[in-house]
Amino acid sequence: MKKITAGKNILTLLSVLSVLLVFSLVCMLCLFAMDKLGIVSLSGPVPDETQDPSVETEFPLPVHTSNEQQAAALEGGVSVFERIFADIPYGDSYYIKMSVSVDETAEGEVPVSGTYEIWRFADKYKIHRYNSENETEWIVTCDGVRLQVIDFTEPSNTYYSVSDGYTFEKIAPLPDFGALADTECEIFEYSETGDVCSAAIEYPSISTVDNVVFSKSTGMLDSFSRFRGGRLIWKIDVESVDLDFLFSDYMFQID
């Protein structure tokens, strides 16, 4: 009797295993068919090949959004321009290359003549100046806190703190319209042609006239000239502008 019972148990176990095996095969066949039909995927998640942690991103700096004027801001003509021209250019993230010529007898307020490249990213910036032979004469690098000034004409390497007044507006070879915001002025010429605006601004108390040509949509300069007592003392001609320049951290590192 014991042998018969043991034999029945083995047959029962084999029957159960057979049923499970058949059921498993049916399930696998169903899944395989569904995979072929695209209903399910048996291959698992596909790794994202575009996210390689070992590769440095093109834009490692934090995203900076400028508080820009709207492109339509100047549709009101002179009356609107009077309120916003101190904010030219509207944004503070850009690359610009320009030619600067000055009257060297003018005191203090004008930069050195030459060709300039400016890379600005909010409070970080780099400025290069080149002579007529395209040789680098002067480099300024600011990391937002400190700035390094390298002068190749009289070899020197000096450091300053932005908090001591060495701001972009003080260092860059660009007119600081904001500094003249409280000075009495008169806009005696103004015109618009497409996206290009031209304005002539007189400051009677300091015998100065600025002629400004700029983009209505971005506020970036196209050209600028400043006259003092009827004499041209400062002229800027912009050669190229890039508002979508891809900045990197290393550009603003100070040695």
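Residues numbered from 1 in each chain as written. Predicted model: local features only at pLDDT ≥ 70, side-chain atom pairs only at ≥ 80, totals over all residues. Heavy atoms only, no water.

Comments concerning the pattern of salt bridges
Phase 1 of the analysis: Counting across every chain of the model gives six salt bridges.
Phase 2 of the analysis: Where arginine 120 meets glutamate 169, a salt bridge forms, and the shortest distance between an N and an O atom there is 3.5 Å. Of the two residues, arginine 120 is situated in strand S2 (residues 114-121) and glutamate 169 in helix H3 (residues 168-171); the sequence distance between them amounts to 49 residues.
Phase 3 of the analysis: For glutamate 169, a relative accessible area of 38% translates into the label partly exposed. (Salt bridge = Lys/Arg side-chain N within 4 Å of Asp/Glu carboxyl O. Helix = DSSP H or I, 4+ residues; strand = E, 2+ residues; numbered from the N terminus. Buried < 20%, exposed > 50% of the residue type's maximum accessible area, 1.4 Å probe, protein only.)

Regarding the packing of aromatic side chains
Phase 1 of the analysis: Within the structure shown, the criterion is met by nine aromatic pairs.
Phase 2 of the analysis: Ring centres 5.4 Å apart and planes at 50 degrees place the aromatic pair phenylalanine 121 and phenylalanine 247 in the tilted group. One end of the pair, phenylalanine 121, is in strand S2; the other, phenylalanine 247, is in the segment after strand S11 (231-242), and 126 residues separate them in sequence.
Phase 3 of the analysis: Judged by relative accessible area, phenylalanine 121 falls into the buried class, the value being 4%. (Phe/Tyr/Trp six-rings, centres within 6.5 Å; stacked < 30°, edge-to-face > 60°.)

Points about the side chain of serine 223
Phase 1 of the analysis: If you trace the backbone, serine 223 turns up in strand S10 (residues 221-228).
Phase 2 of the analysis: Every residue in contact with serine 223, bar those within four places of it in the chain, is listed here: Asn211, Val212, Val213, Ile236 and Asp237. (Contact = heavy atoms within 4.5 Å.)

Digging into the confidence of the model for the protein
Phase 1 of the analysis: Mean pLDDT over the protein stands at 79; residues scoring 70 or higher make up 67%.
Phase 2 of the analysis: Across residues 43-59, where pLDDT falls below 50, the model places seven contacts with residues more than four positions away in sequence or in other chains.
Phase 3 of the analysis: The model gives residues 68-73 a pLDDT under 50, and that stretch makes nine contacts with residues more than four places away or in other chains. (pLDDT = per-residue confidence, 0-100.)

Regarding unusual backbone geometry
Phase 1 of the analysis: The omega angle of the peptide bond from isoleucine 88 to proline 89 is -10 degrees, so this bond is cis rather than trans.
Phase 2 of the analysis: A positive phi angle is found at alanine 122, which is not glycine, with a value near 60 degrees.
Phase 3 of the analysis: Relative to the helices and strands, alanine 122 is located in the loop between S2 and strand S3 (124-130).
Phase 4 of the analysis: On the accessibility criterion, alanine 122 (15% relative accessible area) is buried.
Phase 5 of the analysis: Positive phi, normally seen in glycine, also occurs at asparagine 134, with a value near 65 degrees.
Phase 6 of the analysis: Its location among the elements puts asparagine 134 in the loop between S3 and strand S4 (136-142).
Phase 7 of the analysis: The exposure class assigned to asparagine 134 is exposed, which follows from its relative accessible area of 59%.

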